[in-house]
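Geometric and topological summary
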Amino acid sequence: MPRNATTAMTTALGSSLIRPAIFVQATFVNETVYVWNGLGIIPWNGQNWIGVGTLGAISNIEEGSNVEAKGISISMSGLDPRLLVDVIQNYQLGLPVMVWLALFDSSNNLIPSPILSFSGRMDQPTLTVDGTTCTISINCESKLIDMNVSCERRYTNDDQQLDYPGDRGFEFVNSIQEVTIYWGVSPSSTNNR
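In what follows, the accompanying structure is described. (Residues numbered from 1 in each chain as written. Predicted model: local features only at pLDDT ≥ 70, side-chain atom pairs only at ≥ 80, totals over all residues. Heavy atoms only, no water.)

Focus on the nonpolar core
In this structure, Ile-74, Val-97, Met-122, Ile-138 and Cys-140 are the most contacted members of the largest nonpolar core, which totals 19 residues. Elements with a contribution of two residues or more to this core: strand S1 (19–27), strand S6 (72–79), strand S7 (96–104), strand S8 (115–129) and strand S9 (134–142). In terms of residue count, S9 provides more of this core than any other element does, four residues in total. When residues no more than four places from it in sequence are discounted, the contact partners of Ile-74 are Val-24, Ala-57, Ile-58, Val-97, Val-99, Ile-136, Ser-137, Ile-138 and Cys-140. The next biggest cluster of nonpolar side chains, apart from the first, holds ten residues, and it includes Tyr-34, Trp-36, Ala-102 and Phe-104. (Core = buried A, V, L, I, M, F, W, Y, C linked by side-chain atoms within 4.5 Å. Buried < 20%, exposed > 50% of the residue type's maximum accessible area, 1.4 Å probe, protein only. Helix = DSSP H or I, 4+ residues; strand = E, 2+ residues; numbered from the N terminus. Contact = heavy atoms within 4.5 Å.)

This is how it looks when you write it as structure tokens:
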């Protein structure tokens, strides 16, 4: 996926000392969660991003030259098991998740316009509970995964009405399925051409 980096981001990426941060926006049924991999709260993009420190982890974000869907895994550890019920009730497959790469300057100020590194949908979560804490790991799939889903559309009147109610372009498609149509002169028993 092409990325548009600002001049400040490009300069910071080219410096000898890089101060990276990862921002994650995950959408759940009742709320959207904004977290980052540091400590404290950082205001950015109209939201207050809560630092999770070492409790959060993200797998490698891979890309290739082929058009294929590559997913990531986001995990959160050290959670109170009592929060497990809230997570399960608010989780829904297919809701959006986004991951940004941000950089800090030498004064620990966030450089404007972090780079969107991953955008996709949340897939099946994995829960691990050891009695005192729990770990939640959510697989996230790229939007390119939809290329593997067959399109269940047909050239029928019913299907056409879903997109264009009242259109009569496919009204007679079913009735002409087994019709033999002669172009020009129709054959007869005395004159077969």
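A short note on the layout of surface pockets
Where empty space is left becomes clear once a probe the size of a water molecule has been rolled over the atoms. Here the largest pocket defines a volume of roughly 870 Å³. Along its surface, the largest pocket is lined by 37 residues, and Phe-28, Val-33, Val-35, Val-52 and Met-76 are the ones closest to its centre. Elements that contribute at least two residues to the lining of the largest pocket include exactly S1, strand S2 (32–36), strand S4 (47–51), strand S5 (56–58), S6, helix H2 (84–90), S7 and S9. Residue classes in the lining of the largest pocket are distributed as 26 nonpolar, eight polar and three charged. (1 Å grid on protein atoms, 1.4 Å probe; cavity = no way out; pocket = protein on both sides within 12 Å on 5 of 7 lines; lining within 4 Å. Points joined across faces, edges and corners; volume = space filled by probe spheres on them. Nonpolar A, V, L, I, M, F, W, Y, C, P; charged D, E, K, R; others polar.)

Re the sheet that holds S4
Whether parallel or antiparallel, the strands of a sheet pair through hydrogen bonds between backbone atoms. Within the open sheet, the nine strands sit side by side as S3-S4-S2-S1-S7-S8-S9-S6-S5. Their pairing is mixed. The open sheet has two free edges, formed respectively by strand S3 (41–44) and S5, since each of these has just one partner strand. Recorded for the sheet is a direction-independent mean angle of 30° between the axes of neighbouring strands. Across four bridges, the pairing between S3 and S4 is antiparallel. When the bridges of S4 are listed, Ile-42 appears paired with Trp-49. Against the sheet, helix H1 (residues 7–14) engages S7 and S8, with an angle of about 65° to S7. (Pairing = 2+ DSSP bridges. Axes fitted to C-alpha atoms, helices over the stretch in contact; angles between N-to-C directions.)

Details of the pattern of salt bridges
By the definition in use, this model includes one salt bridge. Across the salt bridge formed by Glu-171 and Arg-168, the nearest N and O atoms sit 2.7 Å from each other. (Salt bridge = Lys/Arg side-chain N within 4 Å of Asp/Glu carboxyl O.)

Notes on unusual backbone geometry
The backbone of Asn-45 sits at a positive phi, close to 55°, despite the residue not being glycine. Among the structural elements, Asn-45 can be located in the loop between S3 and S4. When its relative accessible area of 51% is taken as the criterion, Asn-45 is described as exposed. Of note in this structure, Asn-108 is not a glycine but carries a positive phi near 60°. Tracing the chain through its elements places Asn-108 in the loop between S7 and S8. When its relative accessible area of 56% is taken as the criterion, Asn-108 is described as exposed.

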